[in-house]
Amino acid sequence: GQTDLKSPQDIQVYVVNTNFTLRWKYTGNDSHVTFSAEYRWFEGSETNETEWKELPGCQNVTHTECDFSSAITEYYDTHHVRIRARRREEVSPWSSIFEMIPYFIAQIGPPGIELQSINGVIKIKVSPPEANQVRKMWIAHLRFKYNVVIWENSSNAEFRSQSIFPTDVIDDLAPDTTYCLKVQATLPLDSQEGLFSPIHCIKTTRKVNDLLCATNVSILALNMEFHLHWNNQYKQHVSYNVQYLIGYLKKLHDDYSTKWFNVPGCENITDTQCNFSSIITTISGFYYLRVQAMTEYNRSCFSNEVKVDPLITNEIGPPGIKVDISDVLLHIQISPPGGSKSDVMRDHYDLSYRVLYWKSSSNNEEEIKTKEIKQTIATVSDLTPLTLYCVKVQAFSEPYNKSSHFSREECVKTPGDKILPLIILVTFVSTLIAVLLVAAPLGFALYQAYKKIKCVFFPSCKPPLNIEGFGGQLFISPYLSPTEDPIENCSIIEIIMTEKVNEIDFKDYKHSKQSSRDSGNYSNDDDTSGSKVSEETLEKEMV
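Residues numbered from 1 in each chain as written. Predicted model: local features only at pLDDT ≥ 70, side-chain atom pairs only at ≥ 80, totals over all residues. Heavy atoms only, no water.

Per an unreviewed UniProt entry, the protein chain goes by the name Interferon alpha/beta receptor 1 and belongs to Podiceps cristatus.

See the structure below:
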């Protein structure tokens with residue numbers, strides 16, 4: 001069981017499309033040594049060991065590589081491979097096991113290419129890898145993207161790389177010049193790059209400058225309104241048809257030359273512009289447009305094609321704004337750009353808004369302040385009273401790195417400061433209340449004093465009649481000295497007395513009566529009437 005033969009080392013499997021090659025290294029110096037390999041595979045998620053089998057194409061080979069493409073048919077299952085050396089009846093130990101899942105180690109093979117030089121350009125047609133094979137590693141060939149590297153066949157050539165469709169045109173080439181190129185297929189979603197095709201070389205021709213063809217074909221797109229413009233260099237009568245092609249048709253390997261359609265409203269026109277917004281039915285795809293120029297004699301010429309990727313080609317217009325102001329806030333209402341298509345603009349571009357506002361004054365150094373918002377309503381606080389504020393707004397999309405022009409400026413003046421009038425009002429009311437609180441008692445006191453002074457100095461009451469007309473003296477206020485000599489008030493009473501005694505008694509009575517009146521207070525009208533009654537009674541008695 002012992003042997004001097006060494007085992008093969010560094011086992012590797014190389015896979016290109018469905019072509020499998022096993023390679024290894026052998027360090028022994030033995031002659032007449034051959035190599036044989038075995039393999040086993042596990043179906044699906046099965047992990048139980050299966051029986052080793054001879055690997056077809058790798059039995060008793062004398063080189064350090066072999067092709068076993070015919071043995072592998074399941075490209076997503078796990079496979080094990082091992083190899084050993086043999087010399088006559090003597091064999092070496094088995095090498096280490098190489099484990100693989102074919103799809104994950106496979107390389108994309110080179111694509112096939114066909115070239116044609118015509119009118120100063122190179123038309124190229126690319127066929128996918130494995131195009132002519134029955135068994136395929138890459139089932140979804142529509143997922144392939146193709147890159148071409150082209151250069152002038154000269155000693156100081158500059159290499160140019162660009163993406164192309166399976167059927168495409170390479171332009172912007174020098175006439176009568178030999179160009180070489182190679183093409184590579186890739187699977188971007190799987191991060192896989194294939195092998196380049198063999199190099200092909202071809203010589204360009206001179207381009208025929210046909211004045212009938214429309215030139216400088218360009219697209220102007222704003223807020224999802226798309227217009228195609230071109231120049232006319234033909235001096236005679238010419239009409240135009242604008243045609244479009246749905247972009248995904250170029251990804252196919254089929255001939256799409258019959259899939260061009262006329263743009264509605266842009267058929268047999270003489271203008272050099274066309275509104276083709278009606279054909280943009282989806283914003284996730286892309287389109288190609290070209291202009292067909294026609295003469296009266298049915299001669300025609302096609303312009304160069306232009307690509308339209310709606311969300312990339314379109315530009316964002318300025319938004320609309322409306323500015324209003326309250327006591328302490330500046331309110332800004334923003335209308336998304338696009339008018340009737342504002343929903344498309346807002347939803348697909350994920351619009352944000354950049355708000356610029358400043359104090360409008362003769363001082364050009366006033367600071368311009370900026371706010372960035374996602375909503376269509378913005379407010380600005382900390383306003384200065386009686387100040388003119390101006391606002392303008394810009395819409396922008398970060399995902400697409402696009403921004404609009406600024407909207408027109410809108411200015412509004414803030415109202416006056418209402419705090420000062422409020423303070424004045426509060427001060428006035430407080431002062432008024434304080435004045436009322438002080439003036440009310442003072443007024444009452446003055447009124448009472450006025451009443452007393454009036455009563456004292458200007459009395460409205462009169463002395464009793466018995467004092468004025470009964471021979472008594474004029475009433476004199478005890479608080480005021482008389483300014484004039486008192487006037488004696490006398491009464492003549494003619495009474496016939498029969499007896500002297502009665503005259504004396506009456507005088508005594510009158511004197512006592514007058515004294516008592518002078519020492520007393522004023523009487524009211526009832527006292528006066530009472531005095532008159534007493535006087536009459538007294539006279540009767542005396543009679």
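S.K.: Teacher, can you tell me more about the pattern of salt bridges here?
M.R.: Close approach of charged atoms lets side chains of opposite charge pair. Inspection of every chain in the model, using the stated rule, returns 14 salt bridges. Sharing partners across several salt bridges, the network here consists of Asp-343, Arg-346 and Asp-347. (Salt bridge = Lys/Arg side-chain N within 4 Å of Asp/Glu carboxyl O.)

S.K.: I tried to follow the sheet that holds strand E10 (residues 112-118) on my own but got confused; where do I start?
M.R.: In a beta sheet, neighbouring strands pair by backbone hydrogen bonds and run either parallel or antiparallel. In spatial order, the strands read E10-E11-E14; together these 3 strands make up an open sheet with antiparallel pairing. Strands with a single pairing partner mark the edges of an open sheet, and in this sheet they are E10 and strand E14 (167-170). The average angle at which neighbouring strand axes cross in this sheet is 25°, direction not considered. Where strand E11 (residues 121-127) lies against E14, 4 bridges are found, and the strand directions are antiparallel. The partner of Lys-125 across the bridge, within E14, is Thr-167. (Pairing = 2+ DSSP bridges. Helix = DSSP H or I, 4+ residues; strand = E, 2+ residues; numbered from the N terminus. Axes fitted to C-alpha atoms, helices over the stretch in contact; angles between N-to-C directions.)

S.K.: I keep staring at the layout of surface pockets and nothing clicks. Help me out?
M.R.: Empty space among the atoms can be located by rolling a probe the size of a water molecule over them. Here the largest pocket is characterised by a volume of approximately 1,400 Å³. Lining the largest pocket are 41 residues, and of these Val-121, Lys-123, Val-169, Asn-304 and Glu-305 sit closest to its centre. The set of elements that each furnish at least two residues to the lining of the largest pocket consists of E10, E11, E14, strand E18 (215-222), strand E23 (287-294), strand E24 (300-302) and strand E25 (306-308). Grouping the amino acids of the lining of the largest pocket by side-chain chemistry returns 16 nonpolar, 11 polar and 14 charged. When residues of the lining of the largest pocket are assigned to domains, at least three fall in each of domain 2 (112-204) and domain 3 (215-313). (1 Å grid on protein atoms, 1.4 Å probe; cavity = no way out; pocket = protein on both sides within 12 Å on 5 of 7 lines; lining within 4 Å. Points joined across faces, edges and corners; volume = space filled by probe spheres on them. Nonpolar A, V, L, I, M, F, W, Y, C, P; charged D, E, K, R; others polar. Domains from an automatic or database assignment.)

S.K.: It is not clear to me how the nonpolar core should be interpreted in this structure. Could you clarify?
M.R.: Across soluble globular proteins, nonpolar side chains show a tendency to be buried alongside one another. Ranked by size, the top nonpolar core spans 53 residues in total, and within it Leu-228, Trp-230, Val-263, Phe-276, Leu-289 and Leu-330 carry the most contacts. When we break this core down by domain, the ones giving at least three residues each are domain 3 (215-313) and domain 4 (320-413). Of all hydrophobic cores here, the second largest spans 47 residues; its members include Ala-37, Phe-68, Ala-106 and Leu-173. (Core = buried A, V, L, I, M, F, W, Y, C linked by side-chain atoms within 4.5 Å. Buried < 20%, exposed > 50% of the residue type's maximum accessible area, 1.4 Å probe, protein only.)

S.K.: How should I be thinking about the side chain of Glu-38 in this particular structure?
M.R.: Relative to the helices and strands, Glu-38 resides in strand E3 (residues 34-42). Under the relative-accessibility criterion, Glu-38 is labelled buried at 17%. Within the structure, the side chain of Glu-38 is placed 2.8 Å from the side chain of Arg-82, a separation counted as a polar contact. Contact partners of Glu-38, with chain neighbours within four places excluded, come to Trp-52, Lys-53, Glu-54, Leu-55, His-80, Val-81, Arg-82 and Trp-94. (Polar contact = N/O pair within 3.5 Å; in protein donor to acceptor, adjacent residues only side chain to side chain. Contact = heavy atoms within 4.5 Å.)

S.K.: Just to check I follow, could you spell out helix H3 (residues 342-349) for this structure?
M.R.: Since the α-helix packs 3.6 residues into each turn, any two residues three or four apart lie on the same face. Within the sequence span of H3, burial applies to Ser-342, Met-345 and Tyr-349. Relative to the axis of H3, the buried residues are bounded by an arc of 75° and lie together on one face. Those residues of H3 that are buried lie in contact with helix H2 (310-313), strand E31 (388-397) and strand E32 (402-403). Of the residues one or two after H3, Asp-350 is the one with positive phi, at around 50°. (Arc of directions from axis to C-beta.)

S.K.: What exactly am I supposed to notice about unusual backbone geometry here?
M.R.: Leaving glycine out, the prevailing phi sign among residues is negative, and the prevailing peptide bond configuration is trans. For Ser-191, which is not glycine, the phi torsion reads 55° and is therefore positive. You can see Ser-191 is positioned in the loop between strand E15 (178-187) and strand E16 (192-196). Here Asn-223, not a glycine, exhibits a phi torsion of approximately 55°, which is positive. With respect to the helices and strands, Asn-223 occurs in the loop between E18 and strand E19 (225-231).

S.K.: How should I be thinking about the sheet that holds strand E9 (residues 106-107) in this particular structure?
M.R.: Here we have 4 strands laid out as an open sheet, ordered E5-E2-E1-E9, and mixed in their pairing. Of all the strands in the sheet, just strand E5 (65-67) and E9 have a single pairing partner and so form its edges. Inspection of the sheet shows strand E1 (residues 9-16) paired to E9 by 2 bridges, in the parallel sense. Residue pairing in the sheet places Val-15 in a bridge with Ala-106 of E9.

S.K.: When you look at the packing of aromatic side chains in this model, what are you seeing that I'm missing?
M.R.: Two numbers describe a pair of aromatic rings. These are the distance of the centres and the angle of the planes. Across all of its chains, the model carries 16 aromatic pairs by this definition. With centroids separated by 5.6 Å and ring planes inclined at 45°, the aromatic side chains of Phe-20 and Phe-68 adopt a geometry described as tilted. One end of the pair, Phe-20, is in strand E2 (residues 19-25); the other, Phe-68, is in the loop between E5 and strand E6 (78-87), and 48 residues separate them in sequence. Ring plane angle 45° and centroid distance 4.8 Å describe the contact between Trp-151 and Phe-159, whose orientation is recorded as tilted. According to the relative accessible area criterion, Trp-151 is buried, its value standing at 11%. Taken together through their ring pairs, the aromatic side chains of Tyr-76, Tyr-103, Phe-104 and Trp-138 make up a single cluster. Positioned above the aromatic ring of Trp-94 is the side chain of Arg-82, whose terminal nitrogen or guanidinium carbon lies 4.2 Å from the ring centre. (Phe/Tyr/Trp six-rings, centres within 6.5 Å; stacked < 30°, edge-to-face > 60°. Lys NZ or Arg CZ within 6 Å of the ring centre and 35° of its normal.)

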